[in-house]
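Listed below are the residues making up each chain.
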Amino acid sequence: NIRVRDLFYNVPARRKFLKSESTELRNITQEFIRAALSHPDIEFRLTNNDKELYILPATILRKRIINIFGKNIDSKLLAIECNTEMLSISGFICTPNHAKKSHGEQYFFTNGRFMRHPLFHKAVMEAYSGIIATDALPSYFLYFKVNPESIDVNIHPTKTEIKFQHEWDCFTLIKAGIKE
């Protein structure tokens, strides 16, 4: 259990760096969703000012995605599974008709850790090229398993960017797996 209350009560100087309450809650919720998606086998709850925002029971990945993003996403989820010695990809992509003009449902995880990867996002976008509008973004929940020795997680202060040893090979595999 993790409970945070009055985080800057004793350090008022830090309080001046906070954004609006709604912005801070949005940032917390975003981190909460990342943690919940990376571990669907663990129950998660998010409460703000005594109001339950999320109650996510331990479940399988597909149900976790549905519990977070709503029942409408269920019929649009397509399972993906690609395995090579270098990289294993599993998870879900969404049908082209679910593409949106805003960011929000694009998630990569490597060995259980959330990550951003502009090159891999480009691979996804190229796989959808010609079947969604150029200004639309597909939804995806992709999980990579790689040998930890073939990645470097220390290239960004927030540890959300990962350097892969064979990035272009991974790019090709991601693009081909989604197209298939």
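This text goes with the structure placed above it.
Since we're looking at a predicted model, the values are computed, not measured.

Criteria and cut-off values
Residues numbered from 1 in each chain as written. Predicted model: local features only at pLDDT ≥ 70, side-chain atom pairs only at ≥ 80, totals over all residues. Heavy atoms only, no water. Patch = residues over 30% accessible without salt bridge, like charges linked within 9 Å, V, L, I, M, F, W, Y side chains within 5 Å. Areas by Shrake-Rupley, 256 points an atom, 1.4 Å probe, with all protein chains shown as cover. Salt bridge = Lys/Arg side-chain N within 4 Å of Asp/Glu carboxyl O. Helix = DSSP H or I, 4+ residues; strand = E, 2+ residues; numbered from the N terminus. Buried < 20%, exposed > 50% of the residue type's maximum accessible area, 1.4 Å probe, protein only. Pairing = 2+ DSSP bridges. Axes fitted to C-alpha atoms, helices over the stretch in contact; angles between N-to-C directions. Contact = heavy atoms within 4.5 Å. 1 Å grid on protein atoms, 1.4 Å probe; cavity = no way out; pocket = protein on both sides within 12 Å on 5 of 7 lines; lining within 4 Å. Points joined across faces, edges and corners; volume = space filled by probe spheres on them. Nonpolar A, V, L, I, M, F, W, Y, C, P; charged D, E, K, R; others polar.

A. Looking closely at a nonpolar patch on the surface. Taken together, the side chains of Ile 2, Val 4 and Leu 7 make up a nonpolar region of the molecular surface, amounting to roughly 380 Å² of accessible area. Tracing the sequence through the fold places Ile 2 in the segment before α1 (12–15). Relative accessible area serves as the criterion here: at 84%, Ile 2 is assigned to the exposed category.

B. How the structure looks around the pairing of strand β2 (residues 51–56). As judged from the five bridges shared by strand β1 (residues 44–48) and β2, these two strands associate in the antiparallel manner. Residue pairing across strands places Arg 45 opposite Ile 55, the latter belonging to β2. Counted between consecutive antiparallel strands, the loop separating β1 from β2 contains two residues, among which Asn 49 sits at a positive phi close to 50 degrees.

C. Just the sheet that holds strand β7 (residues 140–145), in detail. Spatially, the five strands line up as an open sheet ordered β3-β4-β7-β5-β6, and their pairing is mixed. With partners counted over all chains shown, the strands left at the sheet margins are β3 (77–83) and β6 (113–115), one partner each. Put simply, the sheet's adjacent strands are angled 20 degrees from each other on average, direction ignored. In this sheet, β7 lies alongside strand β5 (residues 106–110) in parallel orientation, the contact comprising five bridges. Its bridge partner lying in β7, Gln 106 is registered against Tyr 140. Sitting on the sheet, helix α3 (residues 61–69) is in contact with β3, β4 (88–94), β5 and β7, with an inclination near 35 degrees to β4.

D. Representation of the layout of surface pockets within the structure. Computed from the structure, the largest pocket encloses a volume of approximately 1500 Å³. Looking at the largest pocket, it is lined by 29 residues, and the ones nearest its centre are Arg 3, Val 4, Ile 28, Leu 46 and Thr 47. Every element with two or more residues in the lining of the largest pocket is listed here: α2 (21–38) and β1. Counting residues per element, the lining of the largest pocket draws most heavily on α2, which supplies seven residues. Its residues assigned to classes, the lining of the largest pocket comprises twelve nonpolar, five polar and twelve charged.

E. Structural view of the pairing of β7. The buried fraction of β7 amounts to five of the six residues, a majority that puts the element mostly inside the structure. By the bridge criterion, six bridges tie β4 to β7 in an arrangement that is antiparallel. Counted as the bridge partner of Ser 88 is Lys 145 from β7.

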